[in-house]
Amino acid sequence: MSKQFTKLAYSSVDDMIYGSCPNPVTTRNGLVIGGGEIYPEVNFTLPPMHITKDTMPEVLSIYQEMIHGVLKKVHELHAPGLVVEFETLPDMTEHPEWGIQIHKLLRDTMSDYEAKYGLKSAIRMTPNDIREMSRPPIMRSGKYWEAMVKTFEGSAKDGADFLSIESTGGKEINDEAIVNADLRTSVFALGCLAPRDMAWLWTNISDIARANGAISGGDSACGFANTAMVLAEQGFIPKVYAAIMRTITTPRALAAIENGAVGPSKDCAYENIYLKAITGTPISSEGKTAACAHFSPIGNISAAVADLWSNESVQQVKLLSGFAPVVSTEQLIYDCRLMNVATRKGQTKLMRDLLVESDCYLDPQAYVLRPDVAFEIGKEIVKTQDPFIRTLNTAKLTLDIIKKAVDKKELVIEERELNWLDILESQLDEIPEDEEAFIAEMKKEVDSSKYNPSEYGI
Amino acid sequence: MSKQFTKLAYSSVDDMIYGSCPNPVTTRNGLVIGGGEIYPEVNFTLPPMHITKDTMPEVLSIYQEMIHGVLKKVHELHAPGLVVEFETLPDMTEHPEWGIQIHKLLRDTMSDYEAKYGLKSAIRMTPNDIREMSRPPIMRSGKYWEAMVKTFEGSAKDGADFLSIESTGGKEINDEAIVNADLRTSVFALGCLAPRDMAWLWTNISDIARANGAISGGDSACGFANTAMVLAEQGFIPKVYAAIMRTITTPRALAAIENGAVGPSKDCAYENIYLKAITGTPISSEGKTAACAHFSPIGNISAAVADLWSNESVQQVKLLSGFAPVVSTEQLIYDCRLMNVATRKGQTKLMRDLLVESDCYLDPQAYVLRPDVAFEIGKEIVKTQDPFIRTLNTAKLTLDIIKKAVDKKELVIEERELNWLDILESQLDEIPEDEEAFIAEMKKEVDSSKYNPSEYGI
Amino acid sequence: MDFEELSLAVQKGKAKQVRELVNQGVEEGISIEKILNEGLIDSMAVVGENFKQNKIYVPEMLVAARAMSAGLSILEPLLTATGVKPIGKIVIGTVRGDLHDIGKNLVAMMMKGMGATVYDLGIDVPDVAFVEKAEEVGADIVCISALLTTTMPAIGDVITEFEKAGVRNKYHIMVGGAPVNQAFADSIGANKYTSNAADAAEVAKAYLESKYSN
Amino acid sequence: MDFEELSLAVQKGKAKQVRELVNQGVEEGISIEKILNEGLIDSMAVVGENFKQNKIYVPEMLVAARAMSAGLSILEPLLTATGVKPIGKIVIGTVRGDLHDIGKNLVAMMMKGMGATVYDLGIDVPDVAFVEKAEEVGADIVCISALLTTTMPAIGDVITEFEKAGVRNKYHIMVGGAPVNQAFADSIGANKYTSNAADAAEVAKAYLESKYSN
Ligand SMILES: [Zn+2]
Ligand SMILES: [Zn+2]
Ligand SMILES: [Zn+2]
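Residues numbered from 1 in each chain as written. Chains lettered and ligands numbered in written order. Predicted model: local features only at pLDDT ≥ 70, side-chain atom pairs only at ≥ 80, totals over all residues. Heavy atoms only, no water.

Caption draft 1: Geometry of the coordination of the zinc ion (ligand 2). All names here are of chain B. Every protein donor of the zinc ion (ligand 2) is accounted for by E166 (OE), C222 (SG) and C268 (SG), and the metal-donor separations fall at 2.3 to 2.4 Å. Between the zinc ion (ligand 2) and the zinc ion (ligand 3), a separation of 4.5 Å is found. Separated by 56 residues along the polypeptide, E166 in the loop between β6 (162-164) and α5 (171-179) and C222 in helix α7 (residues 222-233) bring together distant segments of the chain. The pair formed by E166 and C222 is uniform in burial state, with each residue classed as buried. (Donors = N, O, S within 2.8 Å, 3.2 Å for Na, K, Ca; no water. Helix = DSSP H or I, 4+ residues; strand = E, 2+ residues; numbered from the N terminus. Buried < 20%, exposed > 50% of the residue type's maximum accessible area, 1.4 Å probe, protein only.)

Caption draft 2: Representation of the side chain of E380 of chain B within the structure. By the secondary structure assignment, E380 of chain B is in helix α14 (residues 371-381). Filtering out sequence-adjacent residues up to four positions away, E380 of chain B remains in contact with N393 and L397 of chain B. (Contact = heavy atoms within 4.5 Å.)

Caption draft 3: Representation of the pairing of strand β4 (residues 172-176) of chain C. Residues and elements named next belong to chain C. Of all 5 residues in β4, 5 are buried; the element is thus mostly enclosed. Residues of β4 alternate between two faces, with H172, M174 and G176 on one and I173 and V175 on the opposite face, all of them buried. Note: strand β3 (residues 141-145) against β4, 5 bridges, orientation parallel. Bridge pairing in β4 links I141 to H172. Viewed along the sheet, the connection from β3 through helix α7 (residues 153-164) into β4 turns out right-handed. Sheet topology note: the β4/strand β5 (residues 192-193) ladder contains 2 bridges and is parallel. By the bridge assignment, M174 is partnered in β5 with K192. A crossover links β4 with its parallel partner β5, the connecting element being helix α8 (residues 182-187), and its sense is right-handed. (Pairing = 2+ DSSP bridges. Right-handed = clockwise from strand over helix to strand, strands pointing away.)

Caption draft 4: Spotlight on the side chain of Q331 of chain A. With respect to the helices and strands, the residue Q331 of chain A is situated in helix α11 (residues 324-344). If we skip the residues at most four places from it in the chain, Q331 of chain A touches T289 of chain A together with K288, T289, A291 and Q331 of chain B.

Caption draft 5: Seen up close, the nonpolar core. The biggest cluster of nonpolar side chains holds 407 residues, and the ones touching the most others in it are Y63 and F188 of chain A, Y63 of chain B, M111 of chain C together with M111 of chain D. If sequence neighbours within four positions are ignored, Y63 of chain B has contacts with F44, T45, L46, F86, M92, I102, L105 and L106 of chain B. (Core = buried A, V, L, I, M, F, W, Y, C linked by side-chain atoms within 4.5 Å.)

Caption draft 6: Representation of the domain arrangement of chain C within the structure. Residues and elements named next belong to chain C. If you check the domain split of chain C, you get domain 1 (3-82) and domain 2 (89-213). Once you take the C-alpha centre of each, domain 1 and domain 2 turn out to be 26 Å apart. Across the contact, 9 residues belong to domain 1 and 9 residues belong to domain 2. When the area that domain 1 buries against domain 2 is broken down by residue, the three leading residues are I41, K52 and M61, summing to 40%. At the boundary of domain 1 with domain 2, the tally comes to 1 salt bridge. For the salt bridge of K52 with E202, the shortest nitrogen-to-oxygen distance reads 3.0 Å. Where domain 1 meets domain 2, there are 1 residue pair in polar contact (both at pLDDT 80 or more). Listing elements by their share of the side of domain 1 that touches domain 2, those giving two or more residues are α3 (32-52) and α4 (58-82). Element by element, the count of residues in the side of domain 1 that touches domain 2 is highest for α4, at 5 residues. (Domains from an automatic or database assignment. Buried area = accessible area lost by both parts, 1.4 Å probe. Salt bridge = Lys/Arg side-chain N within 4 Å of Asp/Glu carboxyl O. Polar contact = N/O pair within 3.5 Å; in protein donor to acceptor, adjacent residues only side chain to side chain.)

Caption draft 7: The interface of chain A and chain C, seen in detail. Each side of the interface is counted separately: chain A has 27 residues, and chain C has 23 residues. Both sides of the chain A and chain C interface together cover about 2,200 Å² of buried area, and 63% of this is carbon and sulfur. Summed over the shared surface of chain A and chain C, the number is 0 salt bridges. If you look at where chain A meets chain C, you find 6 residue pairs in polar contact (both at pLDDT 80 or more). For the side of chain A that touches chain C, the secondary-structure elements that each account for two or more residues are α5 (171-179), α7 (222-233) and α16 (415-429) of chain A. With 4 residues, α16 of chain A is the largest single contributor of residues to the side of chain A that touches chain C. A breakdown of the residues in the side of chain A that touches chain C according to their chemical character gives 14 nonpolar, 6 polar and 7 charged. (Nonpolar A, V, L, I, M, F, W, Y, C, P; charged D, E, K, R; others polar.)

Caption draft 8: Broad picture of the relation of the copies chain A and chain B. For the pair chain A and chain B, the superposition axis carries a translation of 0.0 Å, the fit reaches an RMSD of 0.0 Å, and the rotation angle comes to 180 degrees. As the rotation angle and translation indicate, the two copies are arranged about a two-fold axis. Comparing interface residues between copies, 100% of those in chain A also sit at the interface in chain B, which points to an isologous, same-surface contact. (Least-squares fit on C-alpha atoms with pLDDT ≥ 70 in both.)

Caption draft 9: Up close: the packing of aromatic side chains. Residues and elements named next belong to chain A. This structure, assessed with the given rule, holds 20 aromatic pairs over all chains. For the pair Y63 and F86, a centre-to-centre distance of 5.4 Å together with 75 degrees between the ring planes defines the contact as edge-to-face. With Y63 in helix α1 (residues 56-76) and F86 in strand β4 (residues 82-87), the pair connects residues that are 23 residues apart, well separated along the chain. Neither residue differs from the other here; Y63 and F86 are each classed as buried. With a centroid separation of 5.6 Å and 45 degrees between ring planes, the pair formed by Y113 and Y117 is classed as tilted. Residue Y113 and its partner Y117 are both found in helix α3 (residues 96-117); the two are separated by 4 residues, about one turn of the helix. These aromatic residues form a ring-pair network of at least three members: F188, F388, F438 and Y451. (Phe/Tyr/Trp six-rings, centres within 6.5 Å; stacked < 30°, edge-to-face > 60°.)

Caption draft 10: Summary view of the packing of α5 of chain A against helix α6 (residues 183-212) of chain A. Residue and element names in this part refer to chain A. Packing of α5 against α6 brings their axes to within 8 Å, and their N-to-C directions diverge by 155 degrees. Here α5 lies roughly antiparallel to α6, going by the angle between them. Along this stretch, α5 crosses α6, giving a crossing that reads as left-handed. Residues I173, N174 and A177 of α5 form the contact with α6, whose participating residues are T185, S186, F188, A189 and L193. (Axes fitted to C-alpha atoms, helices over the stretch in contact; angles between N-to-C directions. Parallel < 35°, antiparallel > 145°, perpendicular 65-115°, else oblique. Left-handed = near helix turned anticlockwise from the far one by under 90°.)

Caption draft 11: Structural context of the interface of chain A and chain B. Listed per partner, the contact involves 46 residues of chain A and 46 residues of chain B. For the chain A and chain B pair, buried surface summed over both sides reaches about 4,000 Å², with 63% attributable to carbon and sulfur atoms. Considering only the side of chain A, the residues that lose the most area to chain B are F295, L320 and Y334 of chain A, jointly responsible for 16% of the buried surface there. Remark: the boundary between chain A and chain B carries 8 salt bridges. Linking D335 of chain B and K288 of chain A is a salt bridge whose minimum nitrogen-to-oxygen distance equals 2.8 Å. There are 29 residue pairs in polar contact (both at pLDDT 80 or more) connecting chain A and chain B. When residues of the side of chain A that touches chain B are traced back to their parent elements, those giving at least two are α1, α11 and α12 (348-359) of chain A. Of the residues belonging to the side of chain A that touches chain B, the class tally is 22 nonpolar, 14 polar and 10 charged.

Caption draft 12: Highlighting the sheet that holds β4 of chain C. Residue and element names in this part refer to chain C. Pairing is parallel across the open sheet formed by 5 strands, whose spatial order is β2-β1-β3-β4-β5. Two strands bound the open sheet, and with one partner strand each, they are β2 (117-120) and β5. Along the sheet, helix α6 (residues 127-137) makes contact with β1 (89-94), β2 and β3, crossing β1 at roughly 165 degrees. In the packing of helix α9 (residues 197-213) onto the sheet, the strands contacted are β1, β3, β4 and β5, and the crossing angle to β4 comes to about 170 degrees.

Caption draft 13: Quick peek at the coordination of the zinc ion (ligand 1). The coordination sphere of the zinc ion (ligand 1) contains the protein donors E166 of chain A (OE), C222 of chain A (SG) and C268 of chain A (SG), at a distance range of 2.3 to 2.5 Å. Summarised as a motif, the one-chain spacing of the donors to the zinc ion (ligand 1) is E-x55-C-x45-C.

Caption draft 14: Quick look at the packing of helix α6 (residues 183-212) of chain B against helix α9 (residues 250-258) of chain B. Residue and element names in this part refer to chain B. The geometry of α6 relative to α9 is characterised by a closest axis approach of 8 Å and an angle of 15 degrees between their N-to-C directions. One element, α6, and the other, α9, form an angle in the roughly parallel class. Two packed elements cross with a definite hand, and for α6 against α9 that hand is right-handed. Here α6 contributes L190, A194, P195, M198, A199 and W202 to the contact with α9, which in turn contributes R252, A253, A255 and A256. Its residues assigned to classes, the contact of α6 with α9 shows 9 nonpolar, no polar and 1 charged.

Caption draft 15: Representation of the arrangement of the chains in the model. Between all 5 pairs of chains that are in contact, chains A and B come out with the most contacts. Where chain C comes nearest to chain D, the C-alpha atoms are still 13 Å apart, and the two do not contact one another.

If you want it as structure tokens, here you go:
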């Protein structure tokens, strides 16, 4: 562990705003993330198609069309900066040469636009985590991990600015926990398994970044908390469970920063607000303008302290105006313009608070993203360095915060949610406060065919 | 003419804000437009398909799916109100029974949701103007006009709240003028032909509304100024020409209000800001969140004084999250939430000014939408009641405003635009200040096979 | 045995109590078919209805389904013995290359809840495995799911596999998953597309009822 | 006659001057083909290039095209007499039910500018009229445009009309308009889709050149 966090990065919650942070990150070409302005982060992906050796020319031509469309729009609308995220699809990670080739196409086109129009942009390279393709997953070796390393190294050599991933350590047992709203198993996945994998993984990614002149970006607990959010949105599981899932991904996320990552953290990681409060690193976020990728109850509040503002992902499909990635780009640019104009007029804090107030009383998942709540949770987390205790205490505190907000009638939740406040509390009460004891219990409870404890060193 | 406007509806430009206006409009079920809150206006349309008697069951089932998706999202996100616009496609207007049937399906479903969840919503019925299907167009009689009347009447009887149209009087000669950036012909189309048609048309629509308990809504010069904006966006014609095209559609738009329309005016009518300044009626607008339908240089400023906030139009296509109309709905709701929260915190004026500042210095089409510019233009317009003189003087004043802004270096325009400031000025200088003389000249100049002067009473 | 008591036990997910009550019913000589239909399946239908009306969540439904299964495991050998058929056989799985099983599991669970026998092939299922399992068990319905736009085309490949084996028309093929839509389902010749788990179970039930009522 | 002077006159759209210079060239005995290619077409190519590089707008290009036409009208009878062929014949129109002609007019204008003979059928063109005109004039290319998603399917109907007449393969069919995309163009069997007017003209030119170089 290269870093330890024992206190928050801010002395006052008023200072935590969008577009700037205590520890901004600067790319090779001088784009500063978290240095005062919020920039769009655009992500785009293929329409439904097979990816094979034979279709690769078509794949490349679609990416070519997408990046040109996006950069042309950014130029036309005079946006001062841009981040593009390239998230590989599983086939591209399995065949690292494909992912690397697409990345190079994007990176080179972006450099062309910078040379021609002075358009400053950076690329985030996000190989998808294919380690879970083995079931149970093999986390620290094997062909899948090797393919991921090749992808990171190859793209970093070609000029990738930020290395990122949505890593999946612990997800193999959390998937079933989610549909059961089983907080006990989720605490095991997020408090015991995930931080161990994250520490190992981000040490490795940060080494690759350092060796190749790239920046070690950040992770996202997408497969945990966002899956919960989407299922809650569909009415499948309680929103209060999803809200707690959000906050308890933070100790996991911290493991990246403790082991070399410096940000910007990933767009879909809404736990980023706690991360920013604790570490002061720049973060990416997404909300209403990512509705093309997923719906959410946090469309505005998610922008409140963001340094990059993203559309998450959109396919190259044609809408009435033009291709969807260009549509996203235009929308993100206008969102950022409004926020940056507020900053130029000295109104960042006011705009932040309006974004927060917009959503925070309407859903527990929005309520826990309030900056003041983030401070409260952050302070609890830095009290200890033990990821398991951090996770357990965060769960308890979050439940407490939600209960109080409901009692104060500040937060309205559905009838069928109320019941779950008690169910979740009793789930938490049964977790021992000693990790070793908890791990011993869970090793008996969890289906051992689903995961390899040894891959987590437990 | 039932009304005359000789002064602005506001004494101070500071009072012209979004979400409220001097003359709000209330629907049957008590939804107030312009009464303090800004609401989303959602529009959706079919994916590419033939509309025939045989496909009508499929058409209806797609509309059913769309309205359910939209209303479900509005309910989930606790939006306090909603307007749905149903714009017929040409086949539906030619067969009024189809348009009426679809409208009824939408209206009834909306009523169901109100009964079940208290979700207050209103529907805007917008038959498309098919009079231009005859070439040259027959404006005041014939099968096309009769089909339009049937559509208005039938849907009003079934409970349509607002009647609207994007009318096309004068468009038949303006289309060619646009690609030539021929302001002289545009002044003829918008200053001489269009207001005559609008006065006649809106007298008729207002009569139908009155007879059937509907509200006479408003029009849009979409086929004039938005076509110019889109061509300018593609780099085909000068933006300064498009900016003037915007302001000079106002005298045309006023003819609707003078002859019975009370608002809310149509979403894509960016001339609405001048209309609101002059008449105090509520207006709809669209910007970044309508990027699915068309790109624009006015993504934020267009919201600055809006009473409804629209997505213009989107097809029932599937994105990663779900169907595009639901995506638009979510985005509009969050946009409106942010603006309404600002109002609740007493910050409407500040939010308005941030929306304005966001865009106004980057494009002449944005610059002319500044509230102070709108006031200046509005004051010029109310000096006379003659639509032609209003149009000509608005063109001259707009050119002057743009020139001054460029001189002051407040507004940056492209190199190739500069030249056009002079070209357009000399075009305007050659227009006589007497309408009769001008009409006589234009009757000789304009290809007489393209339009019927007698349909305009000239 | 009190049918109302059994119903409440299923709804509350009390597996032990369900087992006891079912045993009691069998001992009392209540017809096996009646315990199955009016006891277990009808109770699970109440649970499904409560879910549809937003009164409960999936976890509550899962607990109920497990309780119902506990009762069913007692009845099953007796059903075979008395020749009563389950309402239908369903093979389900996530396509090759796709590791997502949350949606597929929900569908499987709801289908079990409505009384069908469900053969869950899991995730990352080879195309031909769908055909083999369907043939082996004599399935009525095959459900194929994909969550990624990149794996969605594999649904079409599975259907092609059924065609190659010359058994396409023996099965009602249902497809689903986030990227799937009606147009895609039509283009690959699926029998049915549904956009969510609850609809999938309902549509499957309606199909089986109409199939076996003829 | 000074070729540079002629080029500037075309670029600035000075029709009267273009006419004078072309007349002068003919009188001086400069080859008709040279006046056409190195005088008019090359000058218009400069205009097209300036447009592509965002130096001028469409109105400037239209004025130039009109000036070029003025010169062309002098050359045309002489070209026929000397047996020089235009670079190709193009039939263009907006489909049945669609009244939009701005985009279509731009394409027509740019194609004229590159020296092709363009037969513009206008708007709301019956399906069969495309076939009739193409057959009548012996066209090389047929351009079909639609601006509405609801009229877009009519592009496919026009192509079907060519097939029914058994003459589909005689023509290079190009399609375009806001709702059109490559997938749609492929699905109806068009030869080429382009997303904007400038590309359409360029692609048409490339096609004609390759056709007549063989
Ligand atoms: Zn994600
Ligand atoms: Zn419009
Ligand atoms: Zn509209």
